[in-house]
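Observations on chain architecture
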Amino acid sequence: MLDIKFTPTTNKKPKPDQHNLGFGNYYTDHMLIIDHTEGIGWHDARIVPYQPIQLDPAAMVLHYAMESFEGMKAYRTPEGKIQLFRPDCNAERMWNTNARMCLPQLPVEDFVQAVKALVKVEEDWVPSLPGTSLYIRPFIFADEPHLGVRTSKTHKFMIICSPVGAYYSTGINPVKIFVEDEYTRACPGGTGFTKCGGNYAASLISQVKGHELGYEQSLWLDGVEHKYVEEVGSMNCFFKIDGTIYTAPCVGTVLPGVTRRSCIALLEKWGYKVSEERLPIVDIVKASKEGKLEEVFGTGTAAVISPVGELRYENDVCKINDGKIGEVTQRLYDTLTGIQWGTKPDDMGWTVAVD
């Protein structure tokens, strides 16, 4: 167990209007920090007032992108209680990310304890309006000042929090996506399965390209053959074709999303056949032309479920479910958000109370 020291702020911020939170615009009064030193391990866990980080210009994270992060939320139930959604899954994923990135690994129980401790301190910041939550951003970075390319000897693990509304200003309305067949997001043996900043930085060029073409997001194909569908934007992606629901396998190039695995568990519980075999983009286009492409949706912590109403690949434009939210998509959204916000019973054992 961590021995977490607490230094309360003497200058509390005014709370923002819950009706106009947006996403990632406001930050709470405190943050959590744990130092890591080679030969010593993790030490000096503390919650302190939110403030800028002092970094040496030669800090290794600034030069070699030696960092990782997670994304999760705290929710306020109708009774006013606060709960997390599967925080152990985020802890396990960060453990696996850090193993690949040569960063120190924080034990699962310490990760969850740290998250709960900060959320408890910031409980007044957890908004109560429907659809709002407290976004939690744990991250690790190398702060040793050194310009040689090697692993760092010192690191910091930190958590900051932000009260948020819906990730997309349009809400749960179907988005238009185009298939990225020029750039590559991830290749076998790379870092595609990790949550490291470099993955997201390299993906922005496709997002810019998509916006110029009038599309909200881009769907990535595999990096070897540019044939099989993988992720959409920063989300996992699902395709319902002739009754079967497909999603890309997590075999090193796809992020193992917490929402993704939760959707699979619910779908299988409801009796749907879920396939995690690789799915060629040409098969999706073919299914659309045959009237068998029934639903498409993305999944992730920020947006939860994002339905897709249009998919463009080269010269083919696939219209999905007349641009409306599909039955399975809506059911998943209602069930997941119901469990997360405590408006539906959690018969999956996924929520963790912040006491």
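Every value quoted in this text rests on a predicted model; they were computed, and no experiment measured them.

**Regarding the overall build of the chain**
The secondary structure content of the chain amounts to seven helices and 18 strands. Projected onto the principal axes, the alpha-carbon positions of the chain cover approximately 60 × 50 × 35 Å. Across the 355 residues that make up the chain, the buried fraction comes to 52%. For the chain, the exposed area adds up to about 16000 Å²; of that, 50% sits on carbon and sulfur atoms. For the chain, the distance from the average site of its 36 positive side-chain charges to the average site of its 45 negative ones is 2 Å.

**Section: the packing of helix H5 (residues 258–269) against helix H7 (residues 327–341)**
A pair of packed helices is captured by two measures, namely the crossing angle of their axes and the spacing between those axes. Packing of H5 against H7 brings their axes to within 11 Å, and their N-to-C directions diverge by 110 degrees. Between H5 and H7, the crossing angle belongs to the class labelled roughly perpendicular. The two elements H5 and H7 meet at a crossing, and its hand is right-handed. Side by side, H5 and H7 meet where Thr-259, Ser-262, Cys-263, Leu-266 and Leu-267 of the first sit next to Val-328, Leu-332, Thr-335 and Leu-336 of the second. Classifying every residue of the contact of H5 with H7 gives six nonpolar, three polar and no charged.

**Section: the packing of aromatic side chains**
Applying the stated criterion across every chain, the model contains ten aromatic pairs. Three or more aromatic residues link up through ring pairs in this structure, and these residues are Trp-42, Phe-111 and Phe-157. Over the ring of Tyr-50 we find Lys-13, and its NZ or CZ is 4.3 Å from the ring centre. The ring of Tyr-228 carries the charged tip of Arg-278 above its face, separated from the ring centre by 3.8 Å.

**With respect to the pattern of salt bridges**
Under the definition given, this model contains 18 salt bridges. Across the salt bridge formed by Asp-35 and Lys-156, the nearest N and O atoms sit 3.2 Å from each other. You can see Asp-35 sitting in strand E2 (residues 30–37) and its partner Lys-156 sitting in strand E8 (residues 154–164), a full 121 residues away along the chain. One salt-bridge network, held together by shared partners, links Asp-35, Arg-46, Asp-143 and Lys-156.

**Side note on H7**
Compared with an ideal rise of 1.5 Å per residue, which puts 15 residues at 21 Å, H7 spans 21 Å between its outermost C-alpha atoms and is within 8% of the ideal. Those residues of H7 lying buried are Val-328, Thr-329, Leu-332, Thr-335, Leu-336, Thr-337, Gly-338, Ile-339, Gln-340 and Trp-341. Count one or two residues on from H7 and you reach Gly-342, which has phi positive near 75 degrees.

**Here we look at the nonpolar core**
Inside soluble globular proteins, nonpolar side chains tend to come together where they are buried. Ranked by internal contacts, the top residues of the largest apolar core, which has 33 residues, are Leu-32, Phe-111, Val-115, Val-119, Ile-136, Phe-157 and Ile-159. For this core, the secondary-structure elements that each account for two or more residues are E2, strand E3 (41–49), strand E5 (72–76), strand E6 (82–85), helix H2 (87–101), helix H3 (108–121), strand E7 (133–142) and E8. With six residues, the single largest contributor to this core is H3. Other than its neighbours up to four places away in sequence, Phe-111 contacts Glu-70, Met-72, Pro-87, Asn-90, Ala-91, Met-94, Leu-106, Pro-138 and Phe-157. Counting residues in each nonpolar core, the second largest holds 24 residues, with Val-179, Phe-239, Ile-281 and Val-296 among its members.

**Considerations on the side chain of Glu-122**
Here Glu-122 lies in the loop between H3 and E7. Buried and without a salt bridge, Glu-122 has Lys-12 as its closest oppositely charged side chain, separated by 6.7 Å. At 2.6 Å, the side chain of Glu-122 forms a polar contact with the backbone nitrogen of His-30. Excluding anything up to four places from it in sequence, Glu-122 contacts Thr-28, Asp-29 and His-30.

**Re a nonpolar patch on the surface**
Taken together, Ile-53, Leu-55 and Leu-62 make up a surface patch of nonpolar side chains, about 250 Å² in accessible area. The residue Leu-62 is located in helix H1 (residues 60–64) in this model. Leu-62 sits in the exposed class, given a relative accessible area of 52%.

The rules behind each value
- One numbering rule holds for all chains: residues counted from 1, following each sequence as written.
- Where totals are concerned, whole chains, interfaces and linings use all residues; where local detail is concerned, this predicted model gives features only for residues with pLDDT of at least 70, and gives and counts side-chain atom pairs only at 80 or more.
- Side-chain metrics rest on all non-hydrogen atoms present in the structure, leaving aside hydrogens and water.
- Numbering goes from the N terminus for both helices and strands, where a helix is a DSSP run of H or I of at least four residues and a strand is a run of E of at least two.
- Exposed residues in this analysis have more than 50% of their type's maximum accessible area, buried residues have under 20%, and partly exposed residues fall in between, with area computed by a 1.4 Å probe over protein chains only.
- Accessible areas in this description were obtained via Shrake-Rupley with a 1.4 Å probe; residue shielding takes into account the shown protein chains only.
- When charges are counted, Lys and Arg are positive and Asp and Glu negative, with His and the chain ends excluded.
- We put the charge of a Lys on NZ, of an Arg on CZ, of an Asp on CG and of a Glu on CD.
- Here the axes come from fitting lines to C-alpha atoms, over the contacting stretch only for helices, and the angles between their N-to-C directions go from 0 to 180 degrees.
- Roughly parallel means an angle under 35 degrees; roughly antiparallel, over 145; roughly perpendicular, 65 to 115; everything else is oblique.
- Less than a right angle of anticlockwise turn of the near helix away from the far helix marks a crossing as left-handed, whereas a clockwise turn marks it as right-handed.
- By the convention used here, residues are in contact when the closest approach between their heavy atoms is within 4.5 Å.
- Following the grouping adopted for this structure description, the nonpolar residues are Ala, Val, Leu, Ile, Met, Phe, Trp, Tyr, Cys and Pro, the charged ones are Asp, Glu, Lys and Arg, and the polar ones are all others, Gly among them.
- Within 6.5 Å between ring centres, the rings of Phe, Tyr and Trp (the latter by its six-membered ring) count as paired, and their orientation is classed by plane angle as stacked under 30 degrees, edge-to-face over 60, tilted in between.
- A ring is scored as having a charge over it whenever the NZ atom of a lysine or the CZ atom of an arginine sits within 6 Å of its centre and within 35 degrees of its normal.
- By definition here, a salt bridge exists when the distance from a side-chain nitrogen of Lys or Arg to a carboxyl oxygen of Asp or Glu is within 4 Å.
- Working rule for helices: expected span equals 1.5 Å times residues minus one.
- Residues belong to a common nonpolar core when they are buried Ala, Val, Leu, Ile, Met, Phe, Trp, Tyr or Cys residues joined through side-chain atoms within 4.5 Å.
- Pairs of N or O atoms within 3.5 Å make up the polar contacts considered here, provided that, within protein, one atom can donate a hydrogen while the other can accept it, and that residues adjacent in sequence are counted only when both atoms are side-chain atoms.
- Exposure above 30% relative accessible area and the lack of any salt bridge qualify a residue for a patch; like charges then connect within 9 Å, and the nonpolar side chains Val, Leu, Ile, Met, Phe, Trp and Tyr within 5 Å.

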